[in-house]
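Next come the chains, spelled out residue by residue.
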Amino acid sequence: MKALKKKLDQFHDHVLDEHKRRKEELDKDFVAQGFVDLLLQLADDPDPDVKLTSDAVRGFTQDLISGGTDSSARTVEWAISELIKEPQLIRQATEELDKVVGKERWVEETDIPRLPFLEAIMKETMRIHPVGVLLAPRLAMQDCNVAGYDIRKGTRVFVNIWSMGRDPYLWERPEEFHPERFVGSNINVKGTDFELLPFGAGRRMCPGYSLGLKMIQLSLANLLHGFNWKLPDSTKAEDLSMEEAFGMITPRKFPLVAVMEPRLPHHLYKL
Ligand code: HEM
(Lines give C-alpha, C1' and ligand atoms only; values in the text may rest on other atoms or scores of the structure.)
Protein backbone atom coordinates (compact mmCIF):
# COMPACT_ATOMS: atom_id res chain seq x y z
CA MET A 1 0.00 0.00 0.00
CA LYS A 2 2.83 2.36 0.90
CA ALA A 3 4.61 1.72 -2.41
CA LEU A 4 1.34 2.29 -4.29
CA LYS A 5 0.68 5.55 -2.42
CA LYS A 6 4.18 6.76 -3.30
CA LYS A 7 3.58 6.01 -6.98
CA LEU A 8 0.17 7.69 -7.01
CA ASP A 9 1.50 10.73 -5.11
CA GLN A 10 4.20 11.16 -7.77
CA PHE A 11 1.57 11.00 -10.51
CA HIS A 12 -0.77 13.46 -8.73
CA ASP A 13 2.08 15.87 -8.03
CA HIS A 14 3.00 15.79 -11.72
CA VAL A 15 -0.62 16.60 -12.71
CA LEU A 16 -1.04 19.28 -10.04
CA ASP A 17 2.32 20.90 -10.93
CA GLU A 18 1.30 21.10 -14.59
CA HIS A 19 -1.92 22.89 -13.64
CA LYS A 20 -0.14 25.23 -11.22
CA ARG A 21 2.44 26.11 -13.89
CA ARG A 22 -0.29 26.99 -16.39
CA LYS A 23 -2.00 29.16 -13.78
CA GLU A 24 1.23 31.02 -13.04
CA GLU A 25 2.04 31.50 -16.73
CA LEU A 26 -1.39 32.87 -17.60
CA ASP A 27 -1.56 34.94 -14.41
CA LYS A 28 -4.52 37.37 -14.78
CA ASP A 29 -5.76 35.66 -17.96
CA PHE A 30 -6.13 32.34 -16.14
CA VAL A 31 -9.58 30.73 -16.38
CA ALA A 32 -10.25 27.40 -14.64
CA GLN A 33 -10.64 24.76 -17.34
CA GLY A 34 -11.45 21.69 -15.34
CA PHE A 35 -11.91 19.98 -12.02
CA VAL A 36 -8.24 20.12 -10.99
CA ASP A 37 -8.08 23.87 -11.68
CA LEU A 38 -11.18 24.37 -9.53
CA LEU A 39 -9.76 22.28 -6.69
CA LEU A 40 -6.52 24.26 -6.77
CA GLN A 41 -8.49 27.51 -6.68
CA LEU A 42 -10.40 26.28 -3.63
CA ALA A 43 -7.15 25.24 -1.94
CA ASP A 44 -5.80 28.79 -2.50
CA ASP A 45 -8.98 30.46 -1.23
CA PRO A 46 -8.09 32.13 2.10
CA ASP A 47 -11.66 31.96 3.40
CA PRO A 48 -13.49 28.91 2.11
CA ASP A 49 -16.22 27.13 4.10
CA VAL A 50 -14.08 24.02 4.10
CA LYS A 51 -10.31 24.42 3.82
CA LEU A 52 -8.84 22.06 1.23
CA THR A 53 -5.38 20.73 2.02
CA SER A 54 -3.07 19.53 -0.76
CA ASP A 55 -3.74 15.95 0.41
CA ALA A 56 -7.46 16.58 -0.08
CA VAL A 57 -6.83 17.87 -3.60
CA ARG A 58 -4.83 14.71 -4.36
CA GLY A 59 -7.59 12.59 -2.80
CA PHE A 60 -10.36 14.19 -4.87
CA THR A 61 -8.30 13.83 -8.04
CA GLN A 62 -7.72 10.15 -7.29
CA ASP A 63 -11.46 9.66 -6.52
CA LEU A 64 -12.32 10.90 -9.96
CA ILE A 65 -9.70 8.77 -11.67
CA SER A 66 -10.67 5.58 -9.85
CA GLY A 67 -14.42 6.27 -9.95
CA GLY A 68 -14.44 7.27 -13.58
CA THR A 69 -12.24 4.87 -15.53
CA ASP A 70 -12.71 1.19 -14.69
CA SER A 71 -16.44 1.58 -13.99
CA SER A 72 -17.24 2.68 -17.55
CA ALA A 73 -14.69 0.34 -19.19
CA ARG A 74 -16.01 -2.72 -17.33
CA THR A 75 -19.63 -1.86 -18.15
CA VAL A 76 -18.77 -1.66 -21.85
CA GLU A 77 -16.91 -4.99 -21.62
CA TRP A 78 -19.99 -6.61 -20.01
CA ALA A 79 -22.25 -5.12 -22.69
CA ILE A 80 -20.11 -6.53 -25.52
CA SER A 81 -19.91 -9.89 -23.73
CA GLU A 82 -23.70 -10.13 -23.55
CA LEU A 83 -24.18 -8.93 -27.14
CA ILE A 84 -21.59 -11.23 -28.65
CA LYS A 85 -23.61 -14.19 -27.35
CA GLU A 86 -26.71 -12.87 -29.16
CA PRO A 87 -25.70 -11.75 -32.70
CA GLN A 88 -29.30 -10.66 -33.50
CA LEU A 89 -28.99 -7.96 -30.81
CA ILE A 90 -25.81 -6.67 -32.47
CA ARG A 91 -27.70 -6.63 -35.79
CA GLN A 92 -30.54 -4.62 -34.21
CA ALA A 93 -28.10 -2.14 -32.69
CA THR A 94 -26.11 -1.67 -35.91
CA GLU A 95 -29.30 -1.24 -37.95
CA GLU A 96 -30.26 1.61 -35.64
CA LEU A 97 -26.75 3.09 -35.92
CA ASP A 98 -26.71 2.84 -39.73
CA LYS A 99 -30.11 4.55 -39.91
CA VAL A 100 -29.24 7.40 -37.55
CA VAL A 101 -25.51 7.90 -38.18
CA GLY A 102 -24.94 6.38 -41.63
CA LYS A 103 -21.75 4.61 -42.62
CA GLU A 104 -19.61 7.62 -43.49
CA ARG A 105 -18.72 8.84 -40.01
CA TRP A 106 -18.28 7.85 -36.36
CA VAL A 107 -20.99 8.32 -33.74
CA GLU A 108 -21.02 11.70 -32.00
CA GLU A 109 -22.44 12.75 -28.65
CA THR A 110 -25.36 14.54 -30.35
CA ASP A 111 -26.47 11.24 -31.97
CA ILE A 112 -27.00 9.52 -28.61
CA PRO A 113 -30.55 10.75 -27.86
CA ARG A 114 -31.65 9.27 -31.22
CA LEU A 115 -30.38 5.78 -30.34
CA PRO A 116 -33.07 4.28 -28.06
CA PHE A 117 -32.01 0.66 -28.60
CA LEU A 118 -28.45 1.52 -27.58
CA GLU A 119 -29.83 3.14 -24.42
CA ALA A 120 -31.86 0.00 -23.73
CA ILE A 121 -28.69 -2.11 -24.08
CA MET A 122 -26.89 0.12 -21.62
CA LYS A 123 -29.70 -0.09 -19.04
CA GLU A 124 -30.01 -3.85 -19.43
CA THR A 125 -26.23 -4.21 -18.98
CA MET A 126 -26.32 -2.11 -15.82
CA ARG A 127 -29.31 -4.05 -14.48
CA ILE A 128 -27.62 -7.40 -14.80
CA HIS A 129 -23.97 -6.31 -14.29
CA PRO A 130 -23.93 -3.29 -11.97
CA VAL A 131 -20.34 -2.33 -11.20
CA GLY A 132 -21.07 -1.34 -7.59
CA VAL A 133 -22.80 -4.44 -6.26
CA LEU A 134 -23.34 -3.00 -2.78
CA LEU A 135 -23.85 0.76 -2.77
CA ALA A 136 -21.81 2.87 -0.36
CA PRO A 137 -22.85 1.92 3.20
CA ARG A 138 -25.72 3.91 4.73
CA LEU A 139 -26.66 4.49 8.37
CA ALA A 140 -30.31 4.30 9.45
CA MET A 141 -31.08 7.73 10.95
CA GLN A 142 -34.19 6.46 12.72
CA ASP A 143 -35.98 3.22 13.57
CA CYS A 144 -37.80 2.05 10.47
CA ASN A 145 -39.40 -0.94 8.83
CA VAL A 146 -38.44 -2.00 5.32
CA ALA A 147 -40.42 -4.80 3.65
CA GLY A 148 -41.38 -6.22 7.04
CA TYR A 149 -37.87 -6.02 8.55
CA ASP A 150 -37.34 -3.79 11.59
CA ILE A 151 -34.19 -1.71 11.23
CA ARG A 152 -32.91 0.04 14.34
CA LYS A 153 -31.59 3.60 14.28
CA GLY A 154 -27.80 3.50 13.85
CA THR A 155 -27.76 0.24 11.85
CA ARG A 156 -25.32 0.13 8.95
CA VAL A 157 -27.30 -0.71 5.82
CA PHE A 158 -26.04 -2.13 2.53
CA VAL A 159 -28.20 -1.90 -0.57
CA ASN A 160 -27.57 -4.89 -2.83
CA ILE A 161 -28.33 -3.62 -6.32
CA TRP A 162 -27.01 -6.82 -7.91
CA SER A 163 -29.83 -8.81 -6.25
CA MET A 164 -32.38 -6.13 -7.04
CA GLY A 165 -31.43 -6.30 -10.71
CA ARG A 166 -32.10 -10.04 -10.73
CA ASP A 167 -35.16 -10.08 -8.50
CA PRO A 168 -38.00 -12.05 -10.16
CA TYR A 169 -40.54 -9.90 -8.28
CA LEU A 170 -39.25 -6.86 -10.14
CA TRP A 171 -38.18 -8.25 -13.52
CA GLU A 172 -39.63 -10.79 -15.88
CA ARG A 173 -37.10 -13.53 -16.72
CA PRO A 174 -34.40 -11.60 -14.79
CA GLU A 175 -31.51 -13.88 -15.75
CA GLU A 176 -32.01 -13.18 -19.46
CA PHE A 177 -30.27 -10.33 -21.24
CA HIS A 178 -33.22 -8.71 -22.92
CA PRO A 179 -32.73 -4.99 -23.77
CA GLU A 180 -36.23 -4.74 -25.30
CA ARG A 181 -37.64 -4.66 -21.75
CA PHE A 182 -36.44 -1.04 -21.61
CA VAL A 183 -37.62 0.06 -25.05
CA GLY A 184 -40.45 2.54 -24.46
CA SER A 185 -40.08 2.15 -20.67
CA ASN A 186 -39.80 5.19 -18.40
CA ILE A 187 -37.36 3.52 -16.01
CA ASN A 188 -34.16 5.55 -15.87
CA VAL A 189 -30.81 5.18 -14.10
CA LYS A 190 -30.85 8.57 -12.39
CA GLY A 191 -31.63 7.33 -8.90
CA THR A 192 -35.38 7.89 -8.95
CA ASP A 193 -36.48 4.40 -10.04
CA PHE A 194 -35.50 2.25 -7.11
CA GLU A 195 -35.54 -1.05 -9.01
CA LEU A 196 -32.59 0.14 -11.13
CA LEU A 197 -29.88 1.99 -9.21
CA PRO A 198 -26.55 1.42 -11.00
CA PHE A 199 -25.36 4.88 -9.90
CA GLY A 200 -26.95 4.73 -6.45
CA ALA A 201 -29.43 7.32 -5.20
CA GLY A 202 -29.74 10.25 -2.85
CA ARG A 203 -26.97 12.42 -1.45
CA ARG A 204 -24.24 9.82 -1.97
CA MET A 205 -25.30 9.01 -5.53
CA CYS A 206 -22.46 8.83 -8.05
CA PRO A 207 -21.44 12.42 -8.82
CA GLY A 208 -20.03 11.28 -12.17
CA TYR A 209 -23.18 9.59 -13.43
CA SER A 210 -23.83 11.94 -16.31
CA LEU A 211 -20.22 11.67 -17.53
CA GLY A 212 -20.28 7.90 -16.93
CA LEU A 213 -23.45 7.49 -18.99
CA LYS A 214 -22.01 9.51 -21.86
CA MET A 215 -18.75 7.56 -21.78
CA ILE A 216 -20.51 4.22 -21.85
CA GLN A 217 -23.00 5.11 -24.54
CA LEU A 218 -20.52 6.84 -26.83
CA SER A 219 -17.81 4.20 -26.58
CA LEU A 220 -20.26 1.30 -26.90
CA ALA A 221 -21.96 3.01 -29.86
CA ASN A 222 -18.65 3.49 -31.67
CA LEU A 223 -17.41 -0.02 -30.91
CA LEU A 224 -20.61 -1.45 -32.41
CA HIS A 225 -20.71 1.03 -35.28
CA GLY A 226 -17.07 0.65 -36.22
CA PHE A 227 -16.56 -3.10 -35.88
CA ASN A 228 -18.14 -6.48 -36.51
CA TRP A 229 -17.79 -8.57 -33.38
CA LYS A 230 -17.47 -12.30 -33.05
CA LEU A 231 -16.00 -14.88 -30.72
CA PRO A 232 -12.78 -16.65 -31.75
CA ASP A 233 -13.53 -19.85 -33.71
CA SER A 234 -12.38 -21.85 -30.69
CA THR A 235 -15.13 -20.44 -28.40
CA LYS A 236 -18.83 -21.27 -28.67
CA ALA A 237 -21.33 -18.62 -27.45
CA GLU A 238 -22.73 -21.02 -24.85
CA ASP A 239 -19.21 -21.65 -23.49
CA LEU A 240 -18.35 -17.97 -22.96
CA SER A 241 -17.89 -17.59 -19.22
CA MET A 242 -20.00 -14.85 -17.64
CA GLU A 243 -18.45 -15.33 -14.21
CA GLU A 244 -17.75 -12.25 -12.16
CA ALA A 245 -14.64 -11.59 -10.11
CA PHE A 246 -14.98 -10.14 -6.64
CA GLY A 247 -13.80 -6.55 -6.40
CA MET A 248 -14.72 -2.91 -6.14
CA ILE A 249 -16.14 -2.83 -9.65
CA THR A 250 -17.23 -6.44 -10.40
CA PRO A 251 -15.17 -7.13 -13.51
CA ARG A 252 -15.40 -10.27 -15.64
CA LYS A 253 -13.49 -13.13 -14.02
CA PHE A 254 -11.90 -13.88 -17.40
CA PRO A 255 -11.28 -10.93 -19.74
CA LEU A 256 -13.32 -11.04 -22.93
CA VAL A 257 -11.45 -12.35 -25.95
CA ALA A 258 -13.17 -11.30 -29.17
CA VAL A 259 -12.43 -10.79 -32.86
CA MET A 260 -13.16 -7.34 -34.30
CA GLU A 261 -13.32 -6.46 -37.98
CA PRO A 262 -13.80 -2.96 -39.42
CA ARG A 263 -17.30 -2.33 -40.81
CA LEU A 264 -16.88 1.29 -41.99
CA PRO A 265 -14.90 2.67 -44.97
CA HIS A 266 -11.15 2.35 -44.43
CA HIS A 267 -10.38 6.08 -44.44
CA LEU A 268 -12.34 6.48 -41.17
CA TYR A 269 -9.78 4.41 -39.27
CA LYS A 270 -6.90 6.79 -40.02
CA LEU A 271 -5.96 9.23 -37.26
C1 HEM B 1 -20.26 3.30 -15.48
C2 HEM B 1 -20.05 4.42 -14.86
C3 HEM B 1 -20.22 4.56 -13.37
C4 HEM B 1 -20.95 3.80 -12.50
C5 HEM B 1 -21.81 2.58 -12.82
C6 HEM B 1 -20.77 4.36 -11.19
C7 HEM B 1 -21.38 3.87 -10.05
C8 HEM B 1 -21.25 4.44 -8.79
C9 HEM B 1 -21.97 4.00 -7.62
C10 HEM B 1 -22.96 2.84 -7.55
C11 HEM B 1 -21.56 4.78 -6.59
C12 HEM B 1 -22.09 4.69 -5.14
C13 HEM B 1 -23.38 5.52 -5.07
C14 HEM B 1 -24.25 5.29 -3.86
O15 HEM B 1 -23.82 4.61 -2.92
O16 HEM B 1 -25.41 5.80 -3.83
C17 HEM B 1 -20.58 5.71 -7.11
C18 HEM B 1 -19.92 6.66 -6.36
C19 HEM B 1 -18.97 7.49 -6.87
N20 HEM B 1 -18.64 7.67 -8.20
FE21 HEM B 1 -19.35 6.62 -9.74
N22 HEM B 1 -19.94 5.44 -11.28
C23 HEM B 1 -19.59 5.61 -12.61
C24 HEM B 1 -18.82 6.60 -13.15
C25 HEM B 1 -18.20 7.58 -12.42
C26 HEM B 1 -17.45 8.67 -12.98
C27 HEM B 1 -17.28 8.92 -14.49
C28 HEM B 1 -16.95 9.38 -11.92
C29 HEM B 1 -16.10 10.61 -11.90
C30 HEM B 1 -15.59 11.22 -12.94
C31 HEM B 1 -17.40 8.74 -10.71
C32 HEM B 1 -17.09 9.14 -9.43
C33 HEM B 1 -17.66 8.63 -8.28
C34 HEM B 1 -17.33 9.09 -6.93
C35 HEM B 1 -16.30 10.17 -6.57
C36 HEM B 1 -18.17 8.39 -6.05
C37 HEM B 1 -18.23 8.49 -4.53
C38 HEM B 1 -19.34 9.45 -4.11
C39 HEM B 1 -19.51 9.54 -2.59
O40 HEM B 1 -18.93 8.73 -1.89
O41 HEM B 1 -20.27 10.42 -2.12
N42 HEM B 1 -18.16 7.65 -11.04
N43 HEM B 1 -20.42 5.49 -8.46
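Within every chain, residues take consecutive numbers counted from 1 along the sequence as written. Totals for whole chains, interfaces and linings use all residues, but because this is a predicted model, local features are given only for residues with pLDDT of at least 70 and pairs of side-chain atoms are given and counted only at 80 or more. Only hydrogens and water are set aside when side-chain values are computed; all heavy atoms of the structure are taken into account.

Chemist: Give a detailed account of the coordination of the iron atom of the ligand, specifying residues and quantitative values.
Modeler: The donor set covers N, O and S atoms within 2.8 Å of the metal, switching to 3.2 Å for Na, K and Ca, and it leaves out water, so a site may look short of donors. For the iron atom of the ligand, the protein contributes exactly one donor atom, Cys206 (SG), at 2.3 Å. Secondary structure elements are taken from DSSP: a helix is a run of H or I of four residues or more, a strand is a run of E of two residues or more, and numbering for both begins at the N terminus. Examined against the element boundaries, Cys206 turns out to sit in the loop between α7 (161-165) and α8 (209-226).

Chemist: Can you explain the site of the ligand? Please cite residues and give values.
Modeler: The environment of the ligand is formed by 23 residues, the closest being Gly67, Ala136, Arg138, Arg204 and Cys206. Whenever a nitrogen or oxygen atom comes within 3.5 Å of another N or O atom, the pair is scored as a polar contact, on the condition that within protein one atom can donate a hydrogen and the other can accept it, and that pairs from neighbouring residues in sequence are kept only if both atoms are in side chains. Separating an oxygen atom of the ligand from a backbone N or O atom of Ala136 is a distance of 2.9 Å. Looking at the shell around the ligand, the elements with two or more residues in it are α3 (54-68), α4 (70-84) and α8. All amino acids are sorted into three groups, where Ala, Val, Leu, Ile, Met, Phe, Trp, Tyr, Cys and Pro are nonpolar, Asp, Glu, Lys and Arg are charged, and the leftover types, Gly among them, are polar. For the shell around the ligand, the class distribution of residues is 13 nonpolar, 8 polar and 2 charged. One heavy atom within 4 Å of a molecule or strand is enough for the residue carrying it to be called near that molecule or strand.

Chemist: Give a description of unusual backbone geometry that names residues and reports values.
Modeler: In most cases, non-glycine residues show a negative phi, while peptide bonds are predominantly trans. Its identity is not glycine, yet Asp27 carries a phi of approximately 50°, on the positive side. Within the secondary structure layout, Asp27 lies in the loop between α1 (2-26) and α2 (35-44). For Asp27, a relative accessible area of 54% puts it in the exposed group. Its identity is not glycine, yet Ala147 carries a phi of approximately 50°, on the positive side. Three exposure classes are used, based on accessible area relative to the maximum for each residue type with a 1.4 Å probe and protein chains only: buried under 20%, partly exposed in between, and exposed over 50%.

Chemist: Mind laying out the nonpolar core, listing which residues take part and the relevant values?
Modeler: One broad trend across soluble globular proteins is that nonpolar side chains are buried collectively. Counting residues in hydrophobic clusters, the biggest one holds 38 residues, and the most contacted among them are Leu220 and Leu224. Those elements giving two or more residues to this core turn out to be α4, α5 (87-101), α6 (116-128), α8 and β5 (227-230). Here this core takes 7 residues from α6, the largest share from any one element. Dropping the residues within four chain positions of it, Leu224 is found in contact with Ile80, Leu83, Ile90, Ala93, Thr94, Leu97, Leu118, Trp229 and Arg263. Nonpolar cores were defined as sets of buried Ala, Val, Leu, Ile, Met, Phe, Trp, Tyr and Cys residues, with membership established by side-chain atoms within 4.5 Å. Listed in part, the 7 residues of the second largest apolar core include Val36, Leu40, Ala43 and Leu52. Contacts are residue-level and defined by heavy atoms, with any inter-residue pair within 4.5 Å sufficient.

Chemist: Outline the packing of aromatic side chains, supporting the account with residue identities and numerical values.
Modeler: Centre distance within 6.5 Å is the pairing criterion for rings of Phe, Tyr and Trp, where only the six-membered ring of Trp is used; planes under 30 degrees apart are then read as stacked, over 60 as edge-to-face, and the remainder as tilted. All told, the structure shown has 5 aromatic pairs when counted by the stated rule. In this analysis the charged atom, NZ for Lys or CZ for Arg, is taken to sit over a ring once it is within 6 Å of the ring centre and within 35 degrees of the ring normal. Taking NZ or CZ as reference, Lys23 lies 5.8 Å from the ring centre of Phe30, over its face. In this structure, Arg127 is placed above the aromatic ring of Trp171, and the distance from its NZ or CZ to the ring centre is 5.5 Å.

Chemist: I'd like a rundown of the side chain of Asn222, residues and numbers included.
Modeler: Position of Asn222 relative to the elements: it lies in helix α8. Among the residues examined, Asn222 registers a relative accessible area of 16% and is labelled buried. A polar side-chain atom of Asn222 sits 2.8 Å from the main-chain amide nitrogen of Val107. In this view, Asn222 contacts Trp106, Val107 and Phe227; residues no more than four positions away in its chain are not counted.

Chemist: Got a sec to walk through the pattern of salt bridges? Specific residues and values, please.
Modeler: Each reported salt bridge corresponds to a side-chain nitrogen of Lys or Arg within 4 Å of a carboxyl oxygen of Asp or Glu. Counted according to the given criterion, the structure contains 19 salt bridges. Between Asp13 and Arg58 there is a salt bridge; the shortest N-O distance is 3.1 Å. Residue Asp13 is located in helix α1, and its partner Arg58 is located in helix α3; the two are separated by 45 residues in the primary sequence. Looking at Asp13, the relative accessible area reads 28%, which means it is partly exposed. Here Glu243 and Lys253 are joined by a salt bridge, their closest N and O atoms 3.4 Å apart. Of this pair, Glu243 sits in the loop between β5 and β6 (259-262) while Lys253 is found in the loop between β5 and β6, placing the two residues 10 residues apart along the sequence. Glu243 sits in the partly exposed class, given a relative accessible area of 41%. Using a relative accessible area of 43% as the deciding quantity, one classes Lys253 as partly exposed. Within the structure, one salt-bridge network assembled from shared partners comprises Lys5, Asp9, Asp13, Asp55 and Arg58.

Any functional reading would require information beyond the geometric quantities listed.
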